[in-house]
Amino acid sequence: METDGILKMSAGFATIAIHAGQDPAKWSSNAVIPPIVTSTTFKQRAPAEHNGFLYGRSGNPSRYTLEECLAALDGAKFALTFASGTAAVANITSLLSYGDHILSGDDVYCGVNRVFREIVSTHGIETTYTDFTDIEEVEKAIRDNTKMIWVESPTNPLLKVVDIAAVVQTARKRRADILVVVDNTFLTPYLQRPLALGADVVMYSLTKYMNGHSDVIMGAAVFNDKMLDKKLRFLQKAIGAVPSPFDCYLVNRSLKTLALRMERHRASSLVVARWLQHHPMVTEVLHPGLPLHPQYEIAKKQSSGHSGVFSFKHCGGLNESRTFLSALKIFTLAESLGGYESLAELPSVMTHTSVPEELRDEFGITHSLIRLSIGLEDTDDLIKDLNGAFNASFVTATVPKVRQGS
Ligand SMILES: *Cc1c(COP(=O)(O)O)cnc(C)c1O
């Protein structure tokens, strides 16, 4: 055969390149680290006789491995992953139909808000917003057609903490068929388990702490109900916003250090928050782990600590914020959070520009509110960095008072 080149071969060159050594049946190697299965299709023994895998969009071994681990971490029966956190939101809200109503917290993540306002709304599903720290307001805001309550706790960038069990009770009192969804991105199951507090679905942007290495965009929904599994699994397959096997491998690997990372994020963020509390240019530190936080007791009751993300207000304005952020050397000026590297940002001009200006002022998302994501570096270096940035941005201000302990 001409394509065999100079050697005589048992089959054509192209056929050999495609099939030699590739028998699907050989992959049971007892590899300790789960392999990345990139195959989009799976061999059937006879028509419609298979091992549970048919086509990569509906099921993939690397994805299943991650989903099984995710479900277990929340003490749940089921977990499904999606191509991003917002894809998880789009799939979860696709459970609703025309005429249904979503009641949402008033400062949920802007990308989630955008799905409600710009996409879900076009399907005849209205979303209204209320302050979930006031349970009476939640009770009043539930309508006869409310089918979903969307909770985020703690919120971003204001770190409001919502009493999840109280919201669930309020919903149940009204009707049994209201799905309570909790965005648990900020705390992860290591620090907070919303299903144990009565919620129906936990949603994650795995992009943040769960992956924790700032190199994967992915989302998840975690839950216990079998009917919900049937519906959401169908939507996952039908909409097709599924993560890649390689990304599933990365997140699955990252979960192995989640406990270690969250311990360090929790401890370091408290050290930095306490230092900031005593800085003369800081007017307020918004951190649920500080006893001064308005919902400190609720946070203590429903979670086992706070992660690395929090905000603070200083006594300057936009200019001081700009100088401060540009002067940072270890903190990187960037959006996102939850990675091993520390980040800083200015929500009023970066992550929260989609919130109308009047609302930003009303909520307190001003030009002097800076959000930090405390990474895994040494806290001494982080504090030195912040101190240097204060010195660079408040040069003519009063001499800092002597700090008295922390
Ligand atoms: C980032 C984030 C999302 C969106 O997730 P993506 O992975 O970016 O699509 C949703 N909720 C919260 C709280 C987030 O921080």
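Above: the structure in question.
Remember, it's a predicted structure, so these values are computed and weren't measured experimentally.

Asks: For this particular structure, what's the right way to read the overall build of the chain?
Replies: Within the chain, the regular secondary structure consists of 14 helices and twelve strands. The proportion of buried residues among the 406 residues of the chain is 49%. Expressed as a percentage of contacts within the chain between residues at least 6 apart in sequence, the contacts between residues at least 24 apart total 72%. Accessible area of the chain: about 19,300 Å², with a carbon and sulfur share of 55%. If the 40 positive side-chain charges of the chain are averaged to one point and the 43 negative ones to another, these points end up 5 Å apart.

Asks: I'm lost on the environment of Lys173 in this one. Help?
Replies: Along the chain, the position of Lys173 falls in helix 6 (residues 164-174). Each C-alpha atom of the pair Lys173 and Tyr296 lies 26 Å from the other, and the pair is 123 residues apart in sequence.

Asks: Explain empty space enclosed by the protein here, please?
Replies: Left-over empty space is what a probe sized like a water molecule reveals as it rolls over the atoms. If you walk through the whole model with that rule in mind, you get two cavities of 30 Å³ or more. The space that makes up the largest cavity amounts to roughly 50 Å³. Surrounding the largest cavity, Gly105, Asp106, Asp107, Val108, Thr130, Asp131, Phe132, Thr133, Glu152, Thr155, Lys160 and Val162 form its lining. Here the lining of the largest cavity is composed, by residue class, of three nonpolar, four polar and five charged. Here the second largest cavity defines a volume of roughly 40 Å³. In terms of lining, the second largest cavity is formed by Pro34, Pro35, Ser62, Thr65, Cys248, Tyr249 and Asn252. Looking at the lining of the second largest cavity, the elements with two or more residues in it are helix 2 (61-73) and helix 9 (245-254). For the lining of the second largest cavity, the element with the highest residue contribution is helix 9, accounting for three residues. Of the residues that constitute the lining of the second largest cavity, the class distribution is four nonpolar, three polar and no charged.

Asks: Even after reading the chapter, I still don't get the site of the ligand, so can you show me in this structure?
Replies: In the vicinity of the ligand, 14 residues are found, and the nearest of them are Gly85, Asp183, Ser205, Thr207 and Lys208. Contact distances for the ligand include 2.7 Å between a nitrogen atom and a side-chain N or O atom of Asp183. Taking Ser205, its side chain carries an N or O atom lying 2.9 Å from an oxygen atom of the ligand. Relative to its unbound accessible surface of 380 Å², the ligand loses 94% to contact with the protein. Every element with two or more residues in the shell around the ligand is listed here: helix 3 (85-93) and strand 6 (201-205). Among the residues making up the shell around the ligand, the classes are represented as five nonpolar, six polar and three charged.

Asks: Which parts of the structure should I look at to understand the sheet that holds strand 4 (residues 146-152)?
Replies: Two pairing modes exist for strands in a sheet, parallel and antiparallel, and in both the strands are linked by backbone hydrogen bonds. Spatially, 1-7-6-5-4-2-3 is the arrangement adopted by the seven strands of the open sheet, whose pairing is mixed. The two strands at the open ends of the sheet, each matched to only one other strand, are strand 1 (78-82) and strand 3 (126-130). Direction aside, neighbouring strands of the sheet carry axes that sit 20° apart on average. Of the pairings in the sheet, the one linking strand 6 to strand 7 (residues 219-223) comprises five bridges and is antiparallel in character. Of the residues in strand 7, the one forming a bridge with Met203 is Ala221. Strands strand 2 (101-105), strand 3, strand 4 and strand 5 (179-183) of the sheet are contacted by helix 4 (residues 110-119), whose axis makes an angle of about 135° with strand 3. Strands strand 1, strand 5, strand 6 and strand 7 of the sheet are contacted by helix 8 (residues 226-239), whose axis makes an angle of about 20° with strand 1.

Asks: Whenever I open this one, the pattern of salt bridges confuses me. Can you help?
Replies: Counted by the stated rule, this structure contains 17 salt bridges. Between Arg264 and Asp378 there is a salt bridge, with its nearest N and O atoms 3.9 Å apart. Of this pair, Arg264 sits in helix 10 (residues 258-277) while Asp378 is found in the loop between strand 12 (369-373) and helix 14 (379-393), placing the two residues 114 residues apart along the sequence. Judged by relative accessible area, Arg264 falls into the partly exposed class, the value being 35%. Taken together, the shared-partner salt bridges connect Asp106, Asp131 and Lys160 into one network.

Asks: Just to check I follow, could you spell out unusual backbone geometry for this structure?
Replies: Of all residues except glycine, most have a negative phi; of all peptide bonds, most are trans. At the junction of Ser153 and Pro154, the peptide bond is cis and its omega measures out at -5° in the coordinates. Structurally, the position occupied by Pro154 is in the loop between strand 4 and helix 6. Note that the residue after Asn156, namely Pro157, is joined by a cis bond; omega there is 5°. Among the secondary structure elements, Pro157 is positioned in the loop between strand 4 and helix 6. Positive phi, close to 70°, is recorded for Ala48, a residue that is not glycine. Its location among the elements puts Ala48 in the loop between helix 1 (13-19) and helix 2. The class for Ala48 is exposed, based on a relative accessible area of 65%. Phi at Thr188 is positive, roughly 65°, even though this residue is not glycine. For Thr188, a relative accessible area of 0% translates into the label buried.

Scoring rules and cut-offs
- Residues numbered from 1 in each chain as written.
- Predicted model: local features only at pLDDT ≥ 70, side-chain atom pairs only at ≥ 80, totals over all residues.
- Heavy atoms only, no water.
- Helix = DSSP H or I, 4+ residues; strand = E, 2+ residues; numbered from the N terminus.
- Buried < 20%, exposed > 50% of the residue type's maximum accessible area, 1.4 Å probe, protein only.
- Contact = heavy atoms within 4.5 Å.
- Areas by Shrake-Rupley, 256 points an atom, 1.4 Å probe, with all protein chains shown as cover.
- Lys, Arg positive; Asp, Glu negative; His and termini not counted.
- Charge placed at Lys NZ, Arg CZ, Asp CG, Glu CD.
- 1 Å grid on protein atoms, 1.4 Å probe; cavity = no way out; pocket = protein on both sides within 12 Å on 5 of 7 lines; lining within 4 Å.
- Points joined across faces, edges and corners; volume = space filled by probe spheres on them.
- Nonpolar A, V, L, I, M, F, W, Y, C, P; charged D, E, K, R; others polar.
- Near = heavy atom within 4 Å.
- Polar contact = N/O pair within 3.5 Å; in protein donor to acceptor, adjacent residues only side chain to side chain.
- Pairing = 2+ DSSP bridges.
- Axes fitted to C-alpha atoms, helices over the stretch in contact; angles between N-to-C directions.
- Salt bridge = Lys/Arg side-chain N within 4 Å of Asp/Glu carboxyl O.

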